[in-house]
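These are the residues of each chain, in order.
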Amino acid sequence: MFNADLLTSAKVQDFIKLATKKKLDALQVSTQLAKEFSNEERAAIMDYMALVPRFREKFGIESTAFLLCDKLALEQSTAQDIGRWKANLWPSGPEAVGNTVHDLCCGMGGDSFFLPKELTAIGVDLDENRLAMYRYNSSVMRGVSPEASNAHTILGDVREVAKENDSKNATPARPKAGYFTIDPARRAIEGENQRDLRNLTPTFEEVIEISKHYKGGMAKIPPGYPICEIPRGTEILYIGSRTDCRECLVLFGELAKNPDHVRAVMVDKTGNEIANWTFARDEKREARNESEQSQYDHNYELEGRDRIYRTSSSESDLPLGGISKFIAEPAPVLLRSHLFGVVALAHDETTHLISPGIAYVTSEKPLPSPAFANYEILESSEISTGAVRAMLKSHDIGKLTLKLRGVKVDPDQEIKRLKPKGKNSATLFYTRLDGEKIAILANPVKEIPASAGMTSGGAAPKNL
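A short tour of the structure in this document, coming up. Since the structure is predicted, the reported quantities are computational estimates derived from the model, not experimental observations. (Residues numbered from 1 in each chain as written. Predicted model: local features only at pLDDT ≥ 70, side-chain atom pairs only at ≥ 80, totals over all residues. Heavy atoms only, no water.)

A few words now on helix α4 (residues 39-59). The end-to-end C-alpha distance of α4, which contains 21 residues, comes to 30 Å, matching closely the 30 Å that a straight helix rising 1.5 Å per residue would cover. The largest bend along α4 reaches roughly 30° and is located at Leu51, with the proline Pro53 sitting one to four residues downstream. Among all positions of α4, only Ala44, Ile45, Tyr48, Met49, Leu51, Val52, Phe55, Arg56, Lys58 and Phe59 are buried. Among the structural elements, α1 (4-7), α2 (10-22), α3 (26-34), α5 (71-76), α6 (80-86) and α7 (128-141) are those in contact with the buried residues of α4. Note on α4: the residue one or two positions beyond its end, Gly60, has a positive phi of about 65°. (Helix = DSSP H or I, 4+ residues; strand = E, 2+ residues; numbered from the N terminus. Expected span 1.5 Å × (residues − 1). Bend = angle between axes of the 7 residues up to and from the residue. Buried < 20%, exposed > 50% of the residue type's maximum accessible area, 1.4 Å probe, protein only. Contact = heavy atoms within 4.5 Å.)

Per the stated rule, a full pass over the model turns up 17 salt bridges. Between Asp70 and Arg130 there is a salt bridge; the shortest N-O distance is 2.9 Å. With Asp70 in the loop between α4 and α5 and Arg130 in helix α7, this pair connects stretches of sequence that are 60 residues apart. Take Asp70: its relative accessible area is 24%, and that puts it in the partly exposed class. On the basis of relative accessible area, Arg130 is assigned to the buried category, the value being 12%. Note that Glu160 and Lys163 form a salt bridge whose closest N and O atoms lie 3.8 Å from each other. With a gap of three residues between them, Glu160 and Lys163 both fall in helix α9 (residues 158-163), about one helical turn apart. For Glu160, a relative accessible area of 40% puts it in the partly exposed group. Here the residues in one salt-bridge network are Lys86, Asp111, Asp183, Lys220 and Glu247, joined through shared partners. (Salt bridge = Lys/Arg side-chain N within 4 Å of Asp/Glu carboxyl O.)

Its place among the elements puts Gln13 in helix α2. Engagement of the side chain of Gln13 in a polar contact is seen with the backbone oxygen of Leu7, the distance being 3.4 Å. (Polar contact = N/O pair within 3.5 Å; in protein donor to acceptor, adjacent residues only side chain to side chain.)

Let's shift gears to the sheet that holds strand β8 (residues 261-267). Across the sheet, which stays open at both edges, the nine strands sit in the order β3-β2-β1-β4-β5-β7-β6-β8-β9 with mixed pairing between neighbours. Every other strand in the sheet has two partners, leaving β3 (153-155) and β9 (273-280) as the edge strands with one partner each. Averaged over all pairs of adjacent strands, the angle between strand axes in this sheet comes to 20°, irrespective of strand direction. Strand direction decides the pairing type here: strand β4 (residues 179-182) and strand β5 (residues 216-221), joined by four bridges, are parallel. (Pairing = 2+ DSSP bridges. Axes fitted to C-alpha atoms, helices over the stretch in contact; angles between N-to-C directions.)

Moving on, we get to the packing of aromatic side chains. Under the definition given, this model contains nine aromatic pairs. Between Tyr360 and Phe429 the ring centres are 5.2 Å apart and the planes differ by 85°, which places this aromatic pair in the edge-to-face class. Of this pair, Tyr360 sits in the loop between β11 (352-353) and β12 (361-363) while Phe429 sits in strand β15 (residues 424-433), and the two are 69 residues apart along the sequence. On the basis of relative accessible area, Tyr360 is assigned to the buried category, the value being 1%. Judged by its relative accessible area of 0%, Phe429 falls in the buried class. The interplanar angle of 80° and the centroid separation of 5.0 Å between the aromatic rings of Tyr375 and Phe429 together place this pair among those described as edge-to-face. Taken together, the residues Tyr375 in strand β13 (residues 372-381) and Phe429 in strand β15 connect sequence positions 54 residues apart. Following the ring pairs from residue to residue traces out a cluster consisting of Phe59, Phe113 and Phe114. Above the face of the Phe37 ring, Lys11 is positioned so that its terminal group lies 5.2 Å from the ring centre. The cationic tip of Arg405 hangs over the ring face of Tyr360; the distance from NZ or CZ to the ring centre is 4.9 Å. (Phe/Tyr/Trp six-rings, centres within 6.5 Å; stacked < 30°, edge-to-face > 60°. Lys NZ or Arg CZ within 6 Å of the ring centre and 35° of its normal.)

In structure tokens, the structure reads:
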């Protein structure tokens, strides 16, 4: 059972600092705790100790600092890189003074940690344990005094709190909030995301109603949520790193600086923007038949992470064709935002897919970085042991990286089976050409500068 008073006590935190300094193993920790704590308390402390290095890394706090959380609250919370970048979406400085943000479904408070300091943040949740986390963490991350922390949380249903958020109901104990942030996504089983993207609490339809009670705000929804169901007048943001897409935000009201546009943003580990791409929403692309889309969303022939990326934009933006001079992998934020096709075509109009539903693109010249990771094609063959070995031998390949989309094999076992011997290195793609399995041997290409405005941190084109 969660025990906020126990975990935030000086006695427990001093013990954790000492155990960390002495590098005690789990048995030594358990033995020491058994001298002063009950079995239930000991289990709670040890579970919490496992989270300490994780939340320090996730939120970039000092090696001796503590936050209050449990495993699920930590998993669901926004990390520092995304949180720091999102801070730029809010009013700041004099413009923010006197404004309040309702952090709806606040959890441990990750969406409030990096808000501009001039904004007052109030956590709203149905779970008193989550509010205890929010109050404690607000003192650590935002400098809210313990005496004032109770005024910075509301125990209640976020839908009802939003309805009451108007001037006639405002009181000193519950001031009117101009803005909101909400993370309605919840998990059915700890550590496992809901498979039904529409199974949110509150529902996205209720989030839209909630937005009407504020002058601006943002909602975090699953990155695969159907764009066609997001109302006009909002701005849609996909945020991630070079290797993943972690959040989809819908911006409402005053926070929607580019209404009716989709933006993909790539950030580094500290929240600095690496690149962004912005284009007007495309009704034709959004209206794609959903039953067709689902065959790509749930195509379990695709391996791991490749399987979960929606590829609707690949169908509508890019034609099919044969293998050209280069093959490229789109950045995850461009895959999720359905923008990789328009970004590719803006740079090279020869860009096309080699198989429907598989997000490898091929072109006559390399595509811009960091939107795409490019590879120059050396040769291709059917996927058979003899043909692939012969191809590797002809290029003197001894070190091999294997990439898969549309073909199911164990990469490590396959490389061992191929037994590459040579002095050169290369990347081998196992994928499909118009539905048929194919092996493509290629060499990585150094980063290609983007066209002006296309992937810089500054202005980006809103239409092609």
